[in-house]
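Chain by chain, the residues run as shown.
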Amino acid sequence: MLASTPHQAALATGADRGAVAEGRPATVTVTFTNRNGFSAARGVTLSVTAPEGLAVKPLDPVRMASVASGETFTARFEVSPAGEPTHLVGQVVAVAAYAGDGKAVAPVRLMVAAGVGDPYRSVSYNDAVFGQAGDEIAVEGAGADLWGATNEFGAVYRAGAYGDAAVAEVTVTSQDATGGWARAGLVARNDLGAQGSAGYVNLAVTPSNGCALSWDTDGDGRFDSIALAGSFTAPVRLRLTRAGASYLGEVSTDGVTWTTVGTATPAGAGATQDIGVFMTAANGWTGTRGIATFGGFTVT
């Protein structure tokens, strides 16, 4: 009975990068494992399907006549941009089909890195790539940490758009759990394009430590103070309100009821500052990469 049961297989997928761009495809590796200890899996075919805006091309043979008990069958697929994507981040789905109506499925997320347009600029200190579709923004990148001497993040921002009495809001719609202190949210600095710039503050959600408001108290361009609130995880809406040299950070799950994260007082803030959305994987020097997505970014 066990020998004739087809549903005894596992399928694993992995990509060499989390984003695809023109001239920079991703390679998705699909591995089929036959877990049936009594018989081989026969007529195994591997395939990958992608949403509109992405094209898939096999790089290896995709059919194996027989995969013995405990053995694996692996094939690679190239995924590249093809026309306008329906979403900045989509699921590429790998499927293994084999005799006896056997089937195994495994997804992998990929971002389409098409860059950003006016009025936005982008900056990367974590090997990040960026995508924008309407008011949807996505950032895929690494980053060891965002504290003290380590400032590794990627941001999409508006230059000089944040002054006294300004209010910045954004919804962090998704965040990969690349580390307990991975952060995605709002960041302001006199010049986001220059490391070490003063007036540095960020408001972010994390996978394991709720919401964090961080700021630089002495103007040396390094975060050295922090306030934490709740057990929030994405999706959440964040609001950073400036009143002179004081910045109020708030978080909401519905955009109606707000919880105060804290008040920041970064040193050396200019009359106008750059303001944007950002992410860091905070991966602790493991090299792990992740994706954060944002919607409804406004500055008023």
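This text gives an overview of the structure that appears in the document.

Scoring rules and cut-offs
Each chain has its residues counted from 1, running along the sequence as written. Local features in a predicted model are, by the rule used here, given only for residues with pLDDT of at least 70; side-chain atom pairs are given and counted only at 80 or more, and totals for whole chains, interfaces and linings are based on all residues. Only heavy atoms go into the side-chain values, all of them from the structure, while hydrogens and water stay out. For our purposes a nonpolar core is just a set of buried Ala, Val, Leu, Ile, Met, Phe, Trp, Tyr and Cys residues, chained together by side-chain atoms within 4.5 Å. For the exposure calls, accessible area comes from a 1.4 Å probe over protein chains only, and a residue counts as buried if that area is under 20% of its type's maximum, exposed if over 50%, partly exposed in between. Numbering goes from the N terminus for both helices and strands, where a helix is a DSSP run of H or I of at least four residues and a strand is a run of E of at least two. For this analysis, residues touch if any pair of their heavy atoms sits within 4.5 Å. Pairing between strands is defined by DSSP: at least two bridges between them are needed. Interaxial angle, 0 to 180 degrees, is taken between N-to-C directions of lines fitted to C-alpha atoms, where a helix line uses only the stretch in contact. Only one rule defines a salt bridge in this text: a Lys or Arg side-chain nitrogen within 4 Å of an Asp or Glu carboxyl oxygen.

## Quick notes on the nonpolar core
Move 1: Residues Tyr162, Leu213 and Phe294 are the most contacted members of the largest nonpolar core, which totals 37 residues.
Move 2: Of the residues forming this core, the biggest block, 4 residues, is contributed by strand E25 (residues 290–299).

## Re the environment of Val95
Move 1: Topologically, Val95 is positioned in strand E8 (residues 89–98).
Move 2: In the structure, Val95 is positioned 11 residues away from Ala106 in sequence and 6.6 Å away in space, judged by C-alpha atoms.
Move 3: Residues within four places of Val95 in sequence aside, it is in contact with Leu11, Thr45, Leu46, Ser47, Lys103, Ala104 and Val105.

## Looking at the sheet that holds strand E5 (residues 54–58)
Hydrogen bonds along the backbone pair up the strands of a sheet, which may run parallel or antiparallel.
Move 1: Strand order in the open sheet formed by 4 strands is E1-E3-E7-E5, with antiparallel pairing between adjacent strands. Either end of the sheet is taken by a strand with one partner, and the two such strands are strand E1 (9–15) and E5. Geometrically, the sheet is characterised by an average inter-axis angle of 25° between neighbouring strands, direction not taken into account.

## Focus: the pattern of salt bridges
Move 1: Taken as a whole, this structure holds 9 salt bridges when the rule is applied.
Move 2: Among the ionic pairs, Glu78 bridges to Lys57, the shortest N-O distance being 3.7 Å. In this pair, Glu78 is assigned in strand E7 (residues 72–81) and Lys57 in strand E5, connecting sequence segments 21 residues apart.
Move 3: Residue Glu78 is classed as partly exposed on the basis of its relative accessible area of 22%.
Move 4: Take Lys57: its relative accessible area is 44%, and that puts it in the partly exposed class.
Move 5: Asp176 is the salt-bridge partner of Arg109, the closest N and O atoms lying 2.6 Å from each other. Of this pair, Arg109 sits in strand E9 (residues 102–112) while Asp176 sits in the loop between strand E16 (167–175) and strand E17 (183–189), and the two are 67 residues apart along the sequence.
Move 6: Classification of Arg109 as partly exposed rests on a relative accessible area of 29%.
Move 7: Classification of Asp176 by relative accessible area gives partly exposed; the value is 23%.

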